[in-house]
2 protein chains.
Amino acid sequence: MRLLIYKFLAEKKVAVTLSDTENAFVKADRTTLYRTIKTFVENDIVHQIDDGTGTIKYALCEVGCSCDIKTDLHLHFYCSNCNETVCLTDHKIPQINVPEGFISENVNLVVKGICNKCSSM
Amino acid sequence: MRLLIYKFLAEKKVAVTLSDTENAFVKADRTTLYRTIKTFVENDIVHQIDDGTGTIKYALCEVGCSCDIKTDLHLHFYCSNCNETVCLTDHKIPQINVPEGFISENVNLVVKGICNKCSSM
DNA sequence: TATGTAAATGCACTTCCTTTGCATTATTTT
DNA sequence: AAAATAATGCAAAGGAAGTGCATTTACATA
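Conventions used here
- Residues numbered from 1 in each chain as written.
- Chains lettered and ligands numbered in written order.
- Predicted model: local features only at pLDDT ≥ 70, side-chain atom pairs only at ≥ 80, totals over all residues.
- Heavy atoms only, no water.
- Core = buried A, V, L, I, M, F, W, Y, C linked by side-chain atoms within 4.5 Å.
- Buried < 20%, exposed > 50% of the residue type's maximum accessible area, 1.4 Å probe, protein only.
- Helix = DSSP H or I, 4+ residues; strand = E, 2+ residues; numbered from the N terminus.
- Arc of directions from axis to C-beta.
- Pairing = 2+ DSSP bridges.
- Contact = heavy atoms within 4.5 Å.
- Axes fitted to C-alpha atoms, helices over the stretch in contact; angles between N-to-C directions.
- Near = heavy atom within 4 Å.
- Polar contact = N/O pair within 3.5 Å; in protein donor to acceptor, adjacent residues only side chain to side chain.

Caption draft 1: How the structure looks around the nonpolar core. Membership of the largest hydrophobic core comes to 31 residues, with the highest contact counts inside it found for Phe77(A) and Phe77(B). If you list the elements that add at least two residues to this core, you get strand 4 (74-79), strand 5 (85-92) and strand 6 (103-114) of chain A together with strand 4 (74-79), strand 5 (85-92) and strand 6 (103-114) of chain B.

Following this line, the structure appears as structure tokens:
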């Protein structure tokens, strides 16, 4: 099961929701998928993305990704046309300055707009 | 009613959820608050913040804010200790480069960590 | 091979939040 | 004052995340 889900995520180029996975695996129960992905997340195999749509999306981490805040934070692009979220893994998040007293532990950067596929149509 | 809600938002220094507002106005109905805030959002009086907690938060726009992508996008800081989200209006979001073909319309940047209040305790 | 233990699965249910439909009440306009 | 428009409240729907428990499957070891 886990292998199947892993494969599914690997084939998808975009981040998927739990429902997406559910639709892909009609036979399996929602809970199984939920917990499997949760296991993946806990083991840094996939990362969660909150793209502002209200539903969490998941995507495989890059090869060699350690989910480390300093090196592995890339930005995500949410297309408001096709509703897909892609990982722009080559685009690391720039250094963000926070005021005195604030300690930053994590950064989430989502760019919303039209993706390359939709803009070329 | 709208004036009251506006005042409430103005007094709050942090972004609030719908529930927060609900607790502040026990007499008013949830729907009224919801719709009022929605109206505010549509008229660029407040902006929505998705800080990754799963519940949308709202905060007044700055004076003179036109919710314009080029000038008014500031970053938000979510404190994982006190669960509060503050607008760092002085910290504009840096220029984000997206690949060829992508058209960016909006940028959402949330830094997660410990806020100044909590770090000094 | 039998069997005991741990992990994985499925079902049902709960909870939380957002959103909408509809009837009622208030407010404005003519 | 009557008509039109807007605002409110109640109820309920809808979506999604998460949990408890029982059952099944897999695995290791005696």
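Still more to cover.
Caption draft 2: Representation of helix 1 (residues 2-11) of chain B within the structure. Residue and element names in this part refer to chain B. For helix 1, the complete set of buried residues consists of Ile5, Phe8 and Leu9. Down the axis of helix 1, the sector holding all buried residues measures 95°, keeping them to one side. Helix 1 presents Leu3, Lys7 and Glu11 as exposed residues on the side facing more than 90 degrees away from its buried surface.

Caption draft 3: Representation of the sheet that holds strand 1 (residues 14-17) of chain A in the model. Strand order in this open sheet of ten strands is 2(A)-3(A)-1(A)-5(A)-4(A)-6(A)-6(B)-4(B)-5(B)-1(B), and the pairing throughout is mixed. The open sheet has two free edges, formed respectively by strand 2 (46-49) of chain A together with strand 1 (14-15) of chain B, since each of these has just one partner strand. As judged from the four bridges shared by strand 2 of chain A and strand 3 (residues 57-60) of chain A, these two strands associate in the antiparallel manner. Paired with Ile49(A) across the bridge in strand 3 of chain A is Lys57(A). Against the sheet, helix 3 (residues 30-42) of chain A engages strand 2 and strand 3 of chain A, with an angle of about 105° to strand 2 of chain A.

Caption draft 4: Structural context of the protein's contact with DNA strand D. Lining the immediate surroundings of DNA strand D are 16 residues, of which Tyr34(A), Met1(B), Arg2(B), Thr32(B) and Arg35(B) lie closest. A distance of 3.4 Å separates a base oxygen of DNA strand D from a polar side-chain atom of Arg30(A). The separation between a base nitrogen of DNA strand D and a polar side-chain atom of Thr31(B) is 3.1 Å. If you list the elements that add at least two residues to the surface near DNA strand D, you get helix 2 (18-24) and helix 3 of chain A together with helix 3 (30-42) of chain B. By residue number, the principal contributor to the surface near DNA strand D is helix 3 of chain A, which donates five residues.

Caption draft 5: Structural context of the pairing of strand 6 of chain A. Of the pairings in the sheet, the one linking strand 4 of chain A to strand 6 of chain A comprises four bridges and is parallel in character. By the bridge assignment, Cys79(A) is partnered in strand 6 of chain A with Gly113(A).

Without other data, these values stay purely geometric and don't point to any function.
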